[in-house]
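Examination of the molecular architecture
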2 protein chains.
Amino acid sequence: MEKAINIAVDAMGGDKAPTEIIKGALKALEFEGVNVTLVGRKDVIEKELKRHSYDAVRVSTVHASEIVGMSETPTVVLKQKKDSSMMVGLRLLKEKNADAFVSAGNTGALLSGAMMVVGRLKGVERPALAVSMPTERGFSLIIDCGANMDAKPSYLKQFGEMGSIYMETVLNVEAPKIALANIGVEKEKGNALTKGAYEALSGVSGINFIGNIEARDIPRGCADVIICDAFTGNIILKYSEGFAKSFLAMMKRELMSSALSRFGAFIASGGFRAMKKKFNADEIGGAPFLGVSGVVVKAHGSSGSRAMRGAIAQCAAFVRNDFIEKLEFQILKGERNNGV
Amino acid sequence: MEKAINIAVDAMGGDKAPTEIIKGALKALEFEGVNVTLVGRKDVIEKELKRHSYDAVRVSTVHASEIVGMSETPTVVLKQKKDSSMMVGLRLLKEKNADAFVSAGNTGALLSGAMMVVGRLKGVERPALAVSMPTERGFSLIIDCGANMDAKPSYLKQFGEMGSIYMETVLNVEAPKIALANIGVEKEKGNALTKGAYEALSGVSGINFIGNIEARDIPRGCADVIICDAFTGNIILKYSEGFAKSFLAMMKRELMSSALSRFGAFIASGGFRAMKKKFNADEIGGAPFLGVSGVVVKAHGSSGSRAMRGAIAQCAAFVRNDFIEKLEFQILKGERNNGV
């Protein structure tokens, strides 16, 4: 039998921690060969665990006395909260006492913590957060939605490489289409960053770079991976979240303005609910932090048990498919080629 | 009687030129005190004019032998198409033979042409294109959606000033709320550009700067004017256009999946059409190019007669409310303050 994969879970991170997080971790035991290590205040975790029946052999706990607040700055967390569930979880990963770490807590602190504790993978200039966004054809991955607000073309080139390997090895997408978010499809379009990134991405062997994608084509799902700096990624992601809500609100108001369409909307309300669900972050998987030398996944802050179970499954897929090793190989290959 | 305002119209620019453009220009004669000058190939214009009855005293034509294609590069247009309807129209404005110029043609060429022919207003670092976007509460103006792909904080500061004056004097919005598009509301959030711009905008007297706005709050209509570089502006604008389409398509698919909701959707179809219309560029006014020393308005490329009529009315409001003079005053005041 294969050795079980051990996923460390930040039991104290996220809006619905600890109850929903722990419930989700236990649900993830449905997946064969997946064990979980719950990190956080032992008294709290044990109290929650008592409410469930589960295979105790597959669940361990590691005590951490502190909790990272959702609005604390990364600097404060790194310096003053060394015994927080987040920092302890990252150390478990670093010291190979866990195969992956997942947290629904403070994003900034998790990214900074992962950089400091787990460290960058050799050859990677900047790790990047990859977030899934629903599209007409399923979803696209936006890289970067993390900390690289002021990026360089060489970072974006590596985001393309990392995204391609992630899609291929973890999500089983063959020759994933990698596109650069830009203001036009022609290669000379854009700002200094995208012009440079276009050139850099064009030179990478082994990825399916399809060129620029205009923002209007992103929702159609024309690309599997969309590359951009974290500022642009944040704008796209947050805008889409807000727009979906406002669009439904405007539509509701529009439909309520006549008795007939009000009636129609009532009959069709199941369809509306399905749309709301589609754009509900809880339904979307966790966001991997690509480029650190360990599997770190950020689950959405509002993750419930279902989302947490999904994020843990995702962590297991990372480990099982040797993502880190494959990424290391590609990045080092790129470095060797540059050295010629 | 007040002197009539004379709006020069690019009769050859836009997807629906010349027919719809000319029809729209004649419709604009509904507005008292507004005359139009149609710029383009005289034979074509005269042929179109024959199909309508109108007050001939209020319509003049100026011949221009060439037409700017929608995909021609600005450089080519500026160098080789000096007798195009666009360039001739801009010269009419420059030489004060028109009070404003409106075109539904090639955006890049119009912006570059306006910069070259009409020129920047004294003290303005970079003119910016201001585009209206529908929101829950009406619409917000996004500045810049133009040519400043790589912006500086000082540009964004002036975009804020220009947007404020535009909203106040042309659209009669009292103390318009000016916000900076950013990844978080805290002033220390963002990239180098937005951090600098936050500080610069905070120091402007006489504008209602409400701080950062996260992309998720843009569709709710929390600000009257949203300030950003042209790259970000283009991403927001195009994304919103594409998202509205994809969202409706996804919703349709969702509703079609059951007979009941299909029936509901059929009954409610009027409401859906209204939503489509709301996000149809044709219904939204023209985009003023703020900061050039004359009134230049870009109508959407797909403008029909209704949109063109609206853009002409907008031009007239600019002129009537002394926008250029007020803007000049504010910008020079800012310069004087910096000089102290």
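Here the structure is a predicted model, which is why all the values come from computation and not from measurement. (Residues numbered from 1 in each chain as written. Chains lettered and ligands numbered in written order. Predicted model: local features only at pLDDT ≥ 70, side-chain atom pairs only at ≥ 80, totals over all residues.)

1. Topic: the interface of chain B and chain A
Rules: Here, residue contact means that the backbone-derived C-beta atoms of the two residues sit within 7 Å. Runs of E in the DSSP output that reach at least two residues are strands. Runs of H or I that reach at least four are helices, and both are numbered from the N terminus. Residues are grouped as follows: nonpolar covers Ala, Val, Leu, Ile, Met, Phe, Trp, Tyr, Cys and Pro; charged covers Asp, Glu, Lys and Arg; every other residue, Gly included, is treated as polar.
Listed as interface residues are 48 residues of chain B and, on the opposing side, 48 residues of chain A. Per-element tally for the side of chain B that touches chain A: the top contributor is helix α8 (residues 230–256) of chain B, with 19 residues. Taken together, the residues that form the side of chain B that touches chain A break down as 26 nonpolar, 13 polar and nine charged.

2. So, the confidence of the model for chain A
Threshold: Known as pLDDT, the predictor's per-residue confidence is scaled from 0 to 100.
Scored by pLDDT, chain A comes out at a mean of 91, with 96% of its residues at no less than 70. Interface predicted TM-score (ipTM) for the complex: 0.88; the corresponding pTM is 0.90.

3. A closer look at helix α9 (residues 259–267) of chain B
Formally: Once C-beta atoms are placed from the backbone, each residue is buried if 20 or more other C-beta atoms lie within 10 Å of its own, exposed if 12 or fewer, and partly exposed for counts between those two. The directions considered for the arc are those from the helix axis to the C-beta atoms.
Along α9 of chain B, the residues that are buried comprise S261, G264 and A265 of chain B. In a view along the axis of α9 of chain B, the buried residues occupy a sector of 100°, so they form one face of it.

4. Describing the relation of the copies chain B and chain A
The condition that has to hold: Least-squares superposition aligns the copies on the C-alpha atoms of those residues with pLDDT at or above 70 in both.
The two copies are related by a screw motion: chain B maps onto chain A through a turn of 180° and a shift of 0.0 Å along the axis, at an RMSD of 0.1 Å. Taken together, the rotation angle and the small translation identify this as a two-fold axis. Taking C-alpha positions as the reference, the residue of chain B nearest the rotation axis is G264 of chain B, at 2.0 Å. Here 100% of the contact residues of chain B are again contact residues in chain A; the copies associate through an equivalent surface.

5. A word on the sheet that holds strand β8 (residues 208–214) of chain B
Residue and element names in this part refer to chain B. To keep it simple, the criterion reads: Here, strands pair whenever DSSP counts at least two bridges between them. Helix axes are fitted only over the stretch in contact, all axes being lines through C-alpha atoms; the angle between N-to-C directions runs from 0 to 180 degrees.
The eleven strands lie next to each other as β3-β2-β1-β4-β11-β10-β5-β6-β9-β7-β8, forming an open sheet whose pairing is mixed. Each edge of the sheet is formed by a strand with only one pairing partner; in this case those strands are β3 (59–63) and β8. Looking at each pair of strands side by side, their axes are set apart by 30° on average, direction ignored. Pairing analysis gives two bridges linking strand β5 (residues 128–135) to strand β10 (residues 287–290), with the strands arranged antiparallel. Paired with A128 across the bridge in β10 is L290. Across the sheet, helix α6 (residues 153–170) is in contact with β5, β6 (138–143), β7 (177–182), β8, β9 (225–227) and β10; its angle to β9 comes to roughly 170°.

6. A word on the pairing of strand β6 (residues 138–143) of chain A
Residue and element names in this part refer to chain A. Bridge count for strand β5 (residues 128–135) against β6 is six bridges, and the pairing is antiparallel. The residue of β6 that forms the bridge with S132 is L141. What sits between β5 and β6 in their antiparallel hairpin is a turn of two residues. Bridge count for β6 against strand β9 (residues 225–227) is three bridges, and the pairing is parallel. Across the sheet, residue L141 finds its bridge partner in β9, namely V225.

7. Overview of the domain arrangement of chain A
Residue and element names in this part refer to chain A. The condition is simple: Domain boundaries shown here were taken from an automatic or database domain assignment.
According to the domain assignment, chain A consists of domain 1 (1–124 + 291–323) and domain 2 (134–280). Averaged C-alpha coordinates put domain 1 and domain 2 at centres separated by 27 Å. Between domain 1 and domain 2, the residue contacts involve seven residues of the former and eight residues of the latter. A class-by-class count of the residues in the side of domain 1 that touches domain 2 yields five nonpolar, two polar and no charged.

8. Re the sheet that holds β9 of chain A
Residues and elements named next belong to chain A. The strand order β3-β2-β1-β4-β11-β10-β5-β6-β9-β7-β8 describes an open sheet built from eleven strands, whose pairing is mixed. Each end of this open sheet is capped by a strand with a single partner; those strands are β3 (59–63) and β8 (208–214). With strand direction ignored, the average angle separating the axes of adjacent strands in the sheet is 30°. The sheet contact formed by strand β1 (residues 5–10) and strand β4 (residues 100–103) spans three bridges and is parallel. Bridge pairing in β4 places I7 opposite A100. The sheet strands contacting helix α4 (residues 85–94) are β1, β2 (34–40), β3 and β4, and the helix crosses β4 at an angle near 165°.

9. With respect to the pairing of strand β1 (residues 5–10) of chain B
Residues and elements named next belong to chain B. Operational definition: If you view a crossover with the strands going away from you and the path from the first strand over the helix to the second runs clockwise, you call it right-handed.
With six of six residues buried, β1 is to be regarded as a mostly interior element. Across the two faces of β1 the burial is the same, with I5, I7 and V9 and N6, A8 and D10 all buried. Where β1 and strand β2 (residues 34–40) come together, six bridges link them in parallel fashion. Counterpart to D10 in the pairing with β2 is V39. A crossover connection joins β1 to the parallel β2 through helix α1 (residues 19–27); in handedness this β-α-β unit is right-handed.

10. Describing the environment of V296 of chain A
Residues and elements named next belong to chain A. Here V296 lies in strand β11 (residues 295–298). A residue is classified by how many C-beta atoms lie within 10 Å of it, and V296, with 31 of them, is buried. For V296 and D99, which are 197 residues apart along the polypeptide, the C-alpha to C-alpha distance reads 9.3 Å.

11. A closer look at the packing of helix α9 (residues 259–267) of chain A against α9 of chain B
Our working rule: Geometric relationships in this document are graded by angle, where less than 35 degrees denotes roughly parallel, more than 145 denotes roughly antiparallel, 65 to 115 denotes roughly perpendicular, and other angles denote oblique. The hand of a helix crossing depends on one turn: near helix anticlockwise from the far one by less than a right angle means left-handed, and clockwise means right-handed.
The geometry of α9 of chain A relative to α9 of chain B is characterised by a closest axis approach of 7 Å and an angle of 160° between their N-to-C directions. By the angle between their axes, α9 of chain A is roughly antiparallel relative to α9 of chain B. Remark: the crossing between α9 of chain A and α9 of chain B carries left-handed chirality. Contacts from L260, S261, F263, G264, A265, F266 and I267 of chain A in α9 of chain A reach L260, S261, F263, G264, A265, F266 and I267 of chain B in α9 of chain B. In the contact of α9 of chain A with α9 of chain B, the residues fall into ten nonpolar, four polar and no charged.

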